[in-house]
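Single-letter residue listing:
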Amino acid sequence: MVNRELPDDAATRSLASAAAAALPRAPRPLCLSLAGTLGAGKTSFARAFLQALGHPGPVVSPTYTLVEPYEFEQFRVLHLDLYRISDPEELAFLGLRDIDRERDWLLVEWFANGEGWLPPPDVTLRLAYAGQGRHLQAAAAGEAGGVWLDAWQAQMACG
């Protein structure tokens, strides 16, 4: 489990950069659930994660498009924001049945709104308000998530 205080946006970017740097050590692409109330920092974390992976352009919140794909040389990250989904069956129109579990990482905000339709999360990252900043708690739900979480913690210790 990872527990970190994030006093400002720079701390969020640093933590997300360490998470991105640990990505190659994961045994396979993972499904990451980003949980928290509105404004808790889910999209900020996702943006910093994608930029740390090398995405050169802007990273927009997929609040209205529901999914934004980000192509990298050896993998793809699908950033989903399911806040507006009221029935998981709505995901059928997004082509998510074609997720390539050997290539596609999933960053899912409001995961519960797509539960049963998406693969179960390997890691849940919970962001919450903590005074003027935020607090992040990350927990793995299985072996693959645990391997990545351990690599992420090792990356944080080095950085």
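*Asks:* Sorry if this is basic, but what is going on with the overall build of the chain here?
*Replies:* A count of helices and strands for the chain gives 3 helices and 7 strands. Walking the chain from its N terminus toward its C terminus, one meets helices and strands in the order β-α-β-α-β-β-β-β-β-α. Expected size for 159 residues packed as a compact globule is a radius of gyration near 15 Å; at 15 Å, the chain falls within 12% of this value. Seen along its three principal axes, the alpha-carbon backbone of the chain occupies a region of about 40 × 35 × 30 Å. Burial statistics for the chain: of 159 residues in total, 47% are counted as buried. Partitioning the contacts of the chain with sequence separation of at least 6, the portion at a separation of at least 24 is 66%.

*Asks:* Help me understand the pairing of strand E2 (residues 31-35), please; the structure alone is not making it clear to me.
*Replies:* Residues in a regular strand project their side chains so that they alternate between the two faces of the sheet. Burial analysis of E2 places 5 of its 5 residues in the buried class, which makes it a mostly covered element. Residue alternation in E2 divides its side chains into two sets, Cys31, Ser33 and Ala35 and Leu32 and Leu34, and both sets are buried. Direction of pairing for E2 relative to strand E5 (residues 104-109): parallel, over a ladder of 4 bridges. Counted as the bridge partner of Leu34 is Glu109 from E5. Looking at chain direction, E2 and strand E6 (residues 123-130) are connected through 4 bridges and run parallel. If you follow Ala35 over to E6, its bridge partner there is Arg126.

*Asks:* Would you take a moment to explain the pairing of strand E7 (residues 133-140) for this structure?
*Replies:* Pairing of strand E1 (residues 2-6) with E7, which is carried by 5 bridges, proceeds in the antiparallel orientation. Looking at the pairing, Leu6 lines up with Arg134 of E7. Of the pairings in the sheet, the one linking E6 to E7 comprises 8 bridges and is antiparallel in character. By the bridge assignment for E7, Val123 is matched with Ala140. Joining the antiparallel neighbours E6 and E7 is a turn of 2 residues, in which Gly131 adopts a positive phi near 65°.

*Asks:* Help me understand the nonpolar core in this model?
*Replies:* The nonpolar side chains of a soluble globular protein tend to be buried, and buried together. Of all hydrophobic cores here, the largest spans 39 residues; its most connected members are Phe45, Phe49, Leu136, Trp148 and Trp152. Looking at this core, the elements with two or more residues in it are E1, helix H1 (9-21), E2, helix H2 (42-52), E5, E6, E7 and helix H3 (143-158). Apart from residues lying up to four places away in sequence, Trp148 is in contact with Ala19, Ala22, Leu23, Ala26, Leu30, Leu32, Phe49, Trp105 and Val123. Leu78, Leu80, Leu106 and Trp117 belong to the second-largest nonpolar core, a separate cluster that totals 14 residues.

*Asks:* Looking at this structure, how should I read H3?
*Replies:* Since the α-helix packs 3.6 residues into each turn, any two residues three or four apart lie on the same face. Helix length check: H3, at 16 residues, gives a terminal C-alpha distance of 23 Å against a target of 22 Å (1.5 Å per residue), a fit within 8%. Considered for burial, the residues of H3 that qualify are Ala144, Gly145, Gly146, Trp148, Leu149, Ala151, Trp152 and Met156.

Definitions and limits used
- Residues numbered from 1 in each chain as written.
- Predicted model: local features only at pLDDT ≥ 70, side-chain atom pairs only at ≥ 80, totals over all residues.
- Heavy atoms only, no water.
- Helix = DSSP H or I, 4+ residues; strand = E, 2+ residues; numbered from the N terminus.
- Rg over C-alpha atoms; globule rule 2.2 N^0.38 Å.
- Buried < 20%, exposed > 50% of the residue type's maximum accessible area, 1.4 Å probe, protein only.
- Contact = heavy atoms within 4.5 Å.
- Pairing = 2+ DSSP bridges.
- Core = buried A, V, L, I, M, F, W, Y, C linked by side-chain atoms within 4.5 Å.
- Expected span 1.5 Å × (residues − 1).

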